[in-house]
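Listed here are the chains, written in short residue letters.
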Amino acid sequence: MKILISNDDGYQAPGIVALYEALKDLAEVEVVAPEHNNSAKSNALSLHSPLYVHTAHNGFRYVNGTPADCVHIALTGLLGYRPDLVVSGINNGANMGDDTIYSGTVGAAMEGYLFGIPAIAFSQTQKGWAHLDVAAQKAAELVAQLLPSLDGSPQHHAPWLLNVNIPNRPASEIPGFKVARLGRRHAAEQVIAQTNPRGDTMYWIGGAGAAKDDAEGTDFHATALGYATITPLQVDLTDHERLPYWAPTAARLSGAPAAATPAGTTGRHDTGSSAA
């Protein structure tokens, strides 16, 4: 079995080193990770600048690009083979709720998923790497559980994408894993404006907002209770329930007779029914 590891904190981050050490006895493991921290780069690819690959003293390969760059070039020529699993992390901080949209950790795993390979993104719920050894142990437990189902032929299986968040706690305080849906956050905090030495105004993106939906069943709720959470993700952003609702608008714009909007599909996005 072959595993590709990447992350968004960079190839020297404690999290990726711990993950490699935890998985290296389970399979043949290779690391291709960003040269520098690329947090919040999501699925970005570098299309207008060349990418270079270097090898560190420990054998990790690093790229002057994004997390998705690393996985993309690994799978399209650098490795020379197709791994059975793509694993990203362990991230220095949570990737829960809306964070997953921005996360470079999730972006690296998602790139593997888009190539049809099962993938997992691992994160600790708090920054600072406290109890990183426990997080690595939990990651290894999950991977060990899943590897036999891959049978060395991921192309014969429908790929899956898992987002896993592990509390920064001793092993005795983590009761186990729990499947959870993504929660939601409030809007981000205000942008931070500062003046640079030349007198120009510069802006820093504000911190993430507080949890808005942390009800039972969410990743926020389960991790607060000490559980490591498993959230299966999908890439299809289509609002399938709203397709019939927007059909009349498209028909009017096309000069075609508008079909009646099916019952039960109104009540949201009022602009859809009024755009004539």
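Before any of the text, the structure's been laid out above.
Chains are numbered independently. Their residues run from 1 in the order of the written sequence. Given that this is a predicted model, residues contribute local features only at a pLDDT of at least 70 and side-chain atom pairs are listed and counted only at 80 or more, while totals for whole chains, interfaces and linings are drawn from all residues. The basis for every side-chain value is the complete set of heavy atoms in the structure, and neither hydrogens nor water enter the calculation.

**Regarding the pairing of strand 2 (residues 28-34)**
For step 1, the next point in the chain: Think of it in three bands: residues with accessible area under 20% of the maximum for their type are buried, residues over 50% are exposed, and the middle band is partly exposed, with areas taken using a 1.4 Å probe on protein chains only. To qualify as a helix, a DSSP run of H or I must reach at least 4 residues; to qualify as a strand, a run of E must reach at least 2; elements of each kind are numbered from the N terminus. Taken across its 7 residues, strand 2 has 5 buried, putting it largely inside the fold.
For step 2, the next point in the chain: Of the pairings in the sheet, the one linking strand 1 (residues 2-6) to strand 2 comprises 4 bridges and is parallel in character. Residue I5 lies in a different strand from strand 2, and its bridge partner there is V31.
For step 3, the next point in the chain: Place the viewer so that the strands point away; then a crossover is right-handed whenever the path from the first strand over the helix to the second strand goes clockwise. Regarding the hand of the β-α-β motif, the stretch spanning strand 1, helix 1 (residues 14-23) and strand 2 is right-handed.
For step 4, the next point in the chain: As defined by bridge partners, strand 2 adjoins strand 4 (residues 61-63) across 3 bridges and the pair is classed as parallel. The partner of A33 across the bridge, within strand 4, is Y62. For two strands to count as paired, DSSP must find a minimum of two bridges between them.

**Focus: the side chain of D9**
For step 1, the next point in the chain: Along the chain, the position of D9 falls in the loop between strand 1 and helix 1.
For step 2, the next point in the chain: Counted as positive: Lys and Arg. Counted as negative: Asp and Glu. His and the chain ends are not counted at all. By convention in these notes, a salt bridge is any Lys or Arg side-chain nitrogen within 4 Å of a carboxyl oxygen on Asp or Glu. Buried and unpaired, D9 has no salt bridge, with K127 as the nearest side chain of opposite charge at 6.3 Å.
For step 3, the next point in the chain: Side-chain atoms alone can form a polar contact between residues adjacent in sequence; in general such a contact is a pair of N or O atoms within 3.5 Å, and within protein one must be able to donate a hydrogen while the other accepts it. Here N37 takes part through its side chain, which lies 3.5 Å from a polar atom of the side chain of D9.
For step 4, the next point in the chain: Only heavy atoms enter the contact rule, under which two residues are in contact if any of them lie within 4.5 Å. For D9, the contacting residues outside a window of four places in its chain are H36, N37, S39, I90, N91, N92 and W129.

**Regarding the nonpolar core**
For step 1, the next point in the chain: If you look at the biggest cluster of nonpolar residues, it comprises 38 residues, and the most contacted ones within it are I3, I5, L23, I120 and F122.
For step 2, the next point in the chain: Elements with a contribution of two residues or more to this core: strand 1, helix 1, strand 2, strand 5 (85-91), strand 6 (119-124), helix 5 (132-146), strand 7 (161-166) and strand 13 (228-233).
For step 3, the next point in the chain: The element best represented in this core is helix 5, accounting for 9 residues.
For step 4, the next point in the chain: If near-sequence neighbours (up to four positions away) are discounted, L23 is found in contact with I3, I5, V29, V87, A139, A140 and V143. What makes a nonpolar core is a set of buried Ala, Val, Leu, Ile, Met, Phe, Trp, Tyr and Cys residues whose side-chain atoms join them at distances within 4.5 Å.

**Digging into the environment of K138**
For step 1, the next point in the chain: One can find K138 in helix 5.
For step 2, the next point in the chain: Through-space distance from the C-alpha of K138 to that of A22 is 9.2 Å; in sequence the pair is 116 residues apart.
For step 3, the next point in the chain: Excluding its chain neighbours within four sequence positions, the residues that come into contact with K138 are I166, I174 and F177.

**Topic: the packing of aromatic side chains**
For step 1, the next point in the chain: Stacked, tilted and edge-to-face are the three classes assigned to paired rings of Phe, Tyr and Trp, where Trp is represented by its six-membered ring and a pair needs centres within 6.5 Å; plane angles under 30 degrees give stacked, over 60 edge-to-face, the rest tilted. Inspection of every chain in the model, using the stated rule, returns 3 aromatic pairs.
For step 2, the next point in the chain: The interplanar angle of 5 degrees and the centroid separation of 4.1 Å between the aromatic rings of Y11 and Y62 together place this pair among those described as stacked. In this pair, Y11 sits in the loop between strand 1 and helix 1 while Y62 sits in strand 4, placing the two residues 51 residues apart along the sequence. Note on accessibility: Y11 and Y62 belong to one class, buried.
For step 3, the next point in the chain: Measuring from ring centre to ring centre gives 5.2 Å for Y20 and F60, while their planes differ by 70 degrees; the resulting arrangement is edge-to-face. Of the two residues, Y20 is situated in helix 1 and F60 in the loop between strand 3 (53-55) and strand 4; the sequence distance between them amounts to 40 residues.
For step 4, the next point in the chain: The exposure class assigned to Y20 is partly exposed, which follows from its relative accessible area of 21%.
For step 5, the next point in the chain: A relative accessible area of 4% places F60 in the buried class.
For step 6, the next point in the chain: In this arrangement the basic side chain of K2 is found over the ring face of Y81, its NZ or CZ atom lying 5.6 Å from the centre.
For step 7, the next point in the chain: By the criterion adopted, a ring carries a charge over it if an Arg CZ or a Lys NZ lies within 6 Å of its centre and within 35 degrees of its normal. Its end group placed over the ring of Y245, R242 keeps NZ or CZ at 3.9 Å from the ring centre.

**Regarding the packing of helix 1 against helix 5**
For step 1, the next point in the chain: The contact between helix 1 and helix 5 brings their axes to 9 Å, and the two run at 45 degrees. Considering their axes alone, helix 1 and helix 5 lie oblique with respect to each other. In terms of crossing hand, the pair formed by helix 1 and helix 5 is right-handed. Facing helix 1, whose interface residues are P14, G15, A18, L19, A22 and L23, helix 5 presents L132, A136, A139, A140 and V143. Axis angles are defined between N-to-C directions and span 0 to 180 degrees, where every axis is a line fitted to C-alpha atoms and, for a helix, only to the segment in contact. In this scheme, roughly parallel covers angles under 35 degrees and roughly antiparallel covers those over 145, while 65 to 115 is roughly perpendicular and the rest are oblique. Left-handed describes a crossing whose near helix is turned anticlockwise from the far helix through less than a right angle; right-handed describes the clockwise counterpart.

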